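Below are the chains, spelled out letter by letter.
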Protein chains: 2
Amino acid sequence: MPFECALPISDYESVTLGHGGGGRLTQDLIAGLLLPALRNPLLEELHDGAILPSNGGGALALTTDSFVVDPLFFPGGDIGSLSVHGTANDLAMCGARPLYLTLSLILEEGFEIKRLVRIVESVRRACQESGLQVLAGDTKVVERGKGDGIFINTSGIGQVHPQADISARRIRPGDKLIVSGTLAEHGIAILSRREGLTFESEIVSDSAALWPLVETALQTVGKGVHALRDATRGGVAAVLNELAASGGCGVRVEEQAVPVREEVKGACEMLGLDPLYVANEGKFLAFVEPGCADQVVQSLRRHPLGAEARIIGEAVEEHKGMVRLSTVLGGSRILDMLSGEQLPRIC
Amino acid sequence: MPFECALPISDYESVTLGHGGGGRLTQDLIAGLLLPALRNPLLEELHDGAILPSNGGGALALTTDSFVVDPLFFPGGDIGSLSVHGTANDLAMCGARPLYLTLSLILEEGFEIKRLVRIVESVRRACQESGLQVLAGDTKVVERGKGDGIFINTSGIGQVHPQADISARRIRPGDKLIVSGTLAEHGIAILSRREGLTFESEIVSDSAALWPLVETALQTVGKGVHALRDATRGGVAAVLNELAASGGCGVRVEEQAVPVREEVKGACEMLGLDPLYVANEGKFLAFVEPGCADQVVQSLRRHPLGAEARIIGEAVEEHKGMVRLSTVLGGSRILDMLSGEQLPRIC
């Protein structure tokens, strides 16, 4: 092999669900195989999107995401709306206004056309709400039993906001960590639908377009926003571990400050899940300059999607590359990345 | 539904393999569902890629393609190299130099890591050969039995050549139709591997990067090149029918002029396949101004991939939207689009 594959093949000879979970195994796959093979400075940022070298008209951001969520329809959305919001949000996390999408479908023979129409309508509506245009598409069909109804890939292009300078490498000790709202709703909504669980009040996915919130923050404090990441697969814990590693600092989170709705908290307890590890599809984390933090929180709160925004921690000099949780009881524990897969096919 | 779905749902209630075949059923899906739902002027071009409004630094082209080829490894390539060349070629067909790719993997639980490494190495090599950079990626894993080893989506961005003005709408009666080389090799290579057929000499896929050929043609005659399309799924017949429909003219093809290697011709006869309907992955069709045609053929022939380039027909005033084949025996027949799927999962 003309590149150095650093994947510990002896540890696992074949792909496990954990390789898609957003945790340690996914990191192994990226750091041990994909990055060594495809290395370039833009890819090394390991952000969910890449910012293209400016070609004169302002920088563009590029991202891609495949969606394999099961079930296809869930409270608060479906694979169609999720595919639009998910990719648009990856662009927003680059500080870019989402502009264009590509849409590629892998259909399983026998998939009901009625369901396909419903999903395409959902794509259409989500695009319209976000002012996005689909510019190119592709459709493939695989034989019955070789797929699972429908998988969707969307790739997106966005225009980087002139005030944006977003990179994990800009995180500094002292930066405040802001979360844009309550956590774990998407994961619990999917799981409850998948397992046929019902709660007193239905738990609805938070799947939503985040650009309006990000734009507000950028208009308010510009380059005072250092890093942004939506807390999808692997939840807040996975994302903070990635940011701590890329940023070369430690992260401290105040458990008491983390917003989780009562019914979601209850569901997590019942299911034995930690809300910090459960996927969100409409919430982001931001590291911002300490002096800007209150302003950012105020600006987010003016938007319905950011009504519960708050500071939940900070970047610190200590325990570089690691995330520590200061617990309600006054203790402190490491918030590690999960190795495998807590909830497969959550997005 | 807030858009008019024109899909004849009563005709087929669920997805068939033919919906992915590139023929009439694929067209139904696009024209009846996807286009009405996602309509915008750029998408209406129905090209394999879209050209973005210039943002000051020259126009960019955008495209996407998912690859579900079976088998994953075949004479002349594998799903990795195919994913790079396929998307890069869609950009080349917009007259754009391929620059950046995204890479998204959908893996089936249990897929051998060894095979994954081999495929990623093939992606790496193909990117390197074409000067492409992968800027963003994504990996998902689905449970055993819910996928088929690996599916790959690549989306691409290219820089439109300053001399390019490529659109099916520029085809004019009298334009010469050029093919860049011999036909049907990819489809026959896949099929023979899939069915365990052997021929006297192995038939190898023509999967290759087409930009160098396109660049040569553009440098030679610039806007004299009116339309370009690579003859992938559905082969020359499907692509010419699409171009005739978009271009609003008729197309006449001289059967005698169509280049097919002897061993491929033999295999097609044995398998009952018409080479004009078999997929290629390294051949394109061009409509060029009559006065430029010989120059273009000469320039293509200077490149090894274009050594067999030739004029095989022309655009005509008659039978608008239809393709007619002038046969070796002096007759003429309609070269229609297939309804269903001749060779599923060819790319």
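Scoring rules and cut-offs
Residues numbered from 1 in each chain as written. Chains lettered and ligands numbered in written order. Predicted model: local features only at pLDDT ≥ 70, side-chain atom pairs only at ≥ 80, totals over all residues. Heavy atoms only, no water. Axes fitted to C-alpha atoms, helices over the stretch in contact; angles between N-to-C directions. Helix = DSSP H or I, 4+ residues; strand = E, 2+ residues; numbered from the N terminus. Left-handed = near helix turned anticlockwise from the far one by under 90°. Contact = heavy atoms within 4.5 Å. Nonpolar A, V, L, I, M, F, W, Y, C, P; charged D, E, K, R; others polar. Pairing = 2+ DSSP bridges. Phe/Tyr/Trp six-rings, centres within 6.5 Å; stacked < 30°, edge-to-face > 60°. Buried < 20%, exposed > 50% of the residue type's maximum accessible area, 1.4 Å probe, protein only. Lys NZ or Arg CZ within 6 Å of the ring centre and 35° of its normal. Salt bridge = Lys/Arg side-chain N within 4 Å of Asp/Glu carboxyl O. Least-squares fit on C-alpha atoms with pLDDT ≥ 70 in both. Parallel < 35°, antiparallel > 145°, perpendicular 65-115°, else oblique. Expected span 1.5 Å × (residues − 1).

Peer 1: Whenever I open this one, the packing of helix 3 (residues 79-92) of chain A against helix 4 (residues 113-130) of chain A confuses me. Can you help?
Peer 2: Between two packed helices, the angle of one axis relative to the other and the distance separating the axes together describe the packing. All names here are of chain A. It is at 7 Å that the axes of helix 3 and helix 4 come closest, and there the two elements cross at 35°. The interaxial crossing formed by helix 3 with helix 4 has right-handed handedness. In this structure, helix 3 contributes Ile79, Gly80, Ser81, Val84 and His85 to the contact, and helix 4 contributes Ile119, Ser122, Val123, Ala126, Cys127 and Ser130. In the contact of helix 3 with helix 4, the residues fall into 6 nonpolar, 5 polar and no charged.

Peer 1: Sorry if this is basic, but what is going on with the sheet that holds strand 10 (residues 250-254) of chain B here?
Peer 2: Backbone-to-backbone hydrogen bonds pair the strands of a sheet. The strands run either parallel or antiparallel. Residue and element names in this part refer to chain B. With mixed pairing, 7 strands are arranged side by side in an open sheet as 9-11-8-12-10-13-14. Every other strand in the sheet has two partners, leaving strand 9 (225-230) and strand 14 (332-334) as the edge strands with one partner each. Adjacent strand axes in the sheet meet at a mean angle of 25° when their direction is disregarded. Sheet topology places strand 13 (residues 323-326) next to strand 14; 3 bridges connect them, and they run antiparallel. The partner of Leu325 across the bridge, within strand 14, is Arg333.

Peer 1: Is there a simple way to explain the packing of aromatic side chains in this structure?
Peer 2: In this description, an aromatic ring pair is defined by two values, namely the gap between the centres and the angle between the planes. Across all of its chains, the model carries 1 aromatic pair over all chains by this definition. Measuring from centroid to centroid gives 6.3 Å for Phe151 of chain A and Phe151 of chain B, while their planes differ by 45°, and the two rings are tilted. Here the residue Phe151 of chain A occupies a position in strand 7 (residues 150-160), and Phe151 of chain B occupies one in strand 7 (residues 150-160), the pair thus bridging two chains. Residue Phe151 of chain A shares its accessibility class with Phe151 of chain B, and that shared class is buried. The ring centre of Phe73 of chain A lies 3.7 Å from the NZ or CZ of Arg118 of chain A, which sits over that ring. Directly above the ring of Phe67 of chain A sits Lys140 of chain B, whose terminal nitrogen or CZ lies 5.6 Å from the centroid.

Peer 1: Whenever I open this one, the interface of chain A and chain B confuses me. Can you help?
Peer 2: Buried accessible area, meaning the area lost when the parts come together, often serves as the stated size of an interface. Between chain A and chain B, the residue contacts involve 81 residues of the former and 82 residues of the latter. Across the contact surface, chain A and chain B share 8 salt bridges. Measuring nitrogen to oxygen at the nearest pair gives 4.0 Å for the salt bridge that ties Asp148 of chain B to Lys146 of chain A. At the level of secondary structure, the elements contributing two or more residues to the side of chain A that touches chain B comprise helix 1 (24-38), helix 2 (41-44), strand 2 (60-67), strand 5 (96-108), helix 4, strand 6 (133-142) and strand 7 of chain A. The element that contributes the greatest number of residues to the side of chain A that touches chain B is strand 6 of chain A, accounting for 10 residues. Split into classes, the residues belonging to the side of chain A that touches chain B amount to 42 nonpolar, 22 polar and 17 charged.

Peer 1: Got a minute to help me understand the relation of the copies chain A and chain B in this structure?
Peer 2: When chain A is fitted onto chain B, the two copies agree to an RMSD of 0.0 Å after a turn of 180° and an axial shift of 0.0 Å. The transformation relating the two chain copies, once decomposed into turn and shift, fits a two-fold axis. Relative to the rotation axis, the closest C-alpha in chain A is found at Gly147 of chain A, a distance of 2.1 Å. A share of 100% of interface residues in chain A that are also interface residues in chain B marks the association as one of identical surfaces.

Peer 1: What exactly am I supposed to notice about the packing of helix 5 (residues 185-195) of chain A against helix 8 (residues 262-271) of chain A here?
Peer 2: Residue and element names in this part refer to chain A. Contact geometry of helix 5 with helix 8 gives a least axis separation of 10 Å together with a crossing angle of 55°. By the angle class used here, helix 5 and helix 8 are oblique. Crossing of helix 5 against helix 8: the hand is left-handed. Contact with helix 5, carried on its side by Glu185, Ile188 and Leu191, involves Val264, Ala267, Cys268 and Leu271 of helix 8 and no other residues of that element. Class assignment of the residues belonging to the contact of helix 5 with helix 8 gives a composition of 6 nonpolar, no polar and 1 charged.

Peer 1: What am I meant to see in the pattern of salt bridges here?
Peer 2: Pairing is possible between side chains of opposite charge, provided their charged atoms come close. Scanning the entire structure with this criterion turns up 48 salt bridges over all chains. Of the charged contacts, one joins Glu308 of chain A and Arg310 of chain A as a salt bridge, the two residues approaching to 2.8 Å between their closest N and O atoms. Glu308 of chain A gets classed as partly exposed once you look at its relative accessible area, which sits at 35%. You can call Arg310 of chain A partly exposed: its relative accessible area is 26%. Between Arg252 of chain B and Glu254 of chain B there is a salt bridge; the shortest N-O distance is 2.5 Å. Among the charged side chains, a network of salt bridges with common partners joins Asp65 and Arg233 of chain A together with Asp138 and Lys140 of chain B.

Peer 1: Which parts of the structure should I look at to understand helix 7 (residues 235-247) of chain A?
Peer 2: An α-helix turns once every 3.6 residues. As a result, residues three or four positions apart point the same way. Residues and elements named next belong to chain A. Counted at 1.5 Å a residue, the expected span for helix 7 with its 13 residues is 18 Å, and the 18 Å between its end C-alpha atoms agrees. A large share of helix 7 lies buried, amounting to 10 of its 13 residues. Those residues of helix 7 that sit buried are Gly235, Val236, Ala237, Ala238, Val239, Leu240, Asn241, Leu243, Ala244 and Gly247. As for helix 7, its buried residues are in contact with strand 8 (176-179), strand 9 (225-230), strand 10 (250-254), strand 11 (284-288) and strand 13 (323-326). Residue Gly248 follows helix 7 closely and has a positive phi angle near 65°.

Peer 1: So what exactly am I meant to see when it comes to unusual backbone geometry here?
Peer 2: Note: most peptide bonds trans; most residues except glycine with negative phi. Here Asp70 of chain A and Pro71 of chain A are connected by a cis peptide whose omega angle stands at 5°. With respect to the element layout, Pro71 of chain A can be found in the loop between strand 2 and strand 3 (73-74). Not every positive phi belongs to a glycine, and Ala184 of chain A is a case in point at roughly 80°. Positive phi, close to 55°, is recorded for Arg345 of chain B, a residue that is not glycine. Inspection of the secondary structure assignment puts Arg345 of chain B in the segment after strand 14.

Peer 1: Just to check I follow, could you spell out the environment of Ala315 of chain B for this structure?
Peer 2: Residues and elements named next belong to chain B. In this structure, Ala315 sits in strand 12 (residues 310-316). Look at Ala315 and you get buried, because its relative accessible area is 1%. Spatially, the C-alpha atoms of Ala315 and Gly272 are 29 Å apart, while their sequence positions differ by 43 residues.

Peer 1: Teacher, can you tell me more about the sheet that holds strand 11 of chain A here?
Peer 2: All names here are of chain A. Read across the sheet, 7 strands follow the order 9-11-8-12-10-13-14 without closing on themselves; strand pairing throughout is mixed. This sheet does not close on itself; its edge strands, each paired only once, are strand 9 and strand 14 (332-334). Across the sheet, the mean angle from the axis of one strand to that of its neighbour is 25°, orientation sign disregarded. Running at roughly 175° to strand 9, helix 6 (residues 211-221) makes contact with strand 9 and strand 11 of the sheet.

Peer 1: For this particular structure, what's the right way to read the environment of Asp90 of chain B?
Peer 2: Residues and elements named next belong to chain B. If you trace the backbone, Asp90 turns up in helix 3 (residues 79-92). Separated by 39 residues in the primary sequence, Asp90 and Glu129 place their C-alpha atoms 17 Å from one another. Excluding residues within four positions of it along the chain, Asp90 makes contact with Asp48, Thr63, Thr64, Asp65 and Asp230.

Peer 1: Honestly, the pairing of strand 2 of chain A in this entry has me stumped. Any pointers?
Peer 2: Residues in a regular strand point their side chains to alternate faces of the sheet. Residue and element names in this part refer to chain A. The element strand 2 is largely enclosed, with a buried count of 8 among its 8 residues. Neither face of strand 2 is open: one carries Leu60, Leu62, Thr64 and Ser66, the other Ala61, Thr63, Asp65 and Phe67, and all of them are buried. Of the pairings in the sheet, the one linking strand 1 (residues 49-51) to strand 2 comprises 3 bridges and is antiparallel in character. Following the sheet pairing, Ala50 is matched in strand 2 by Leu62.

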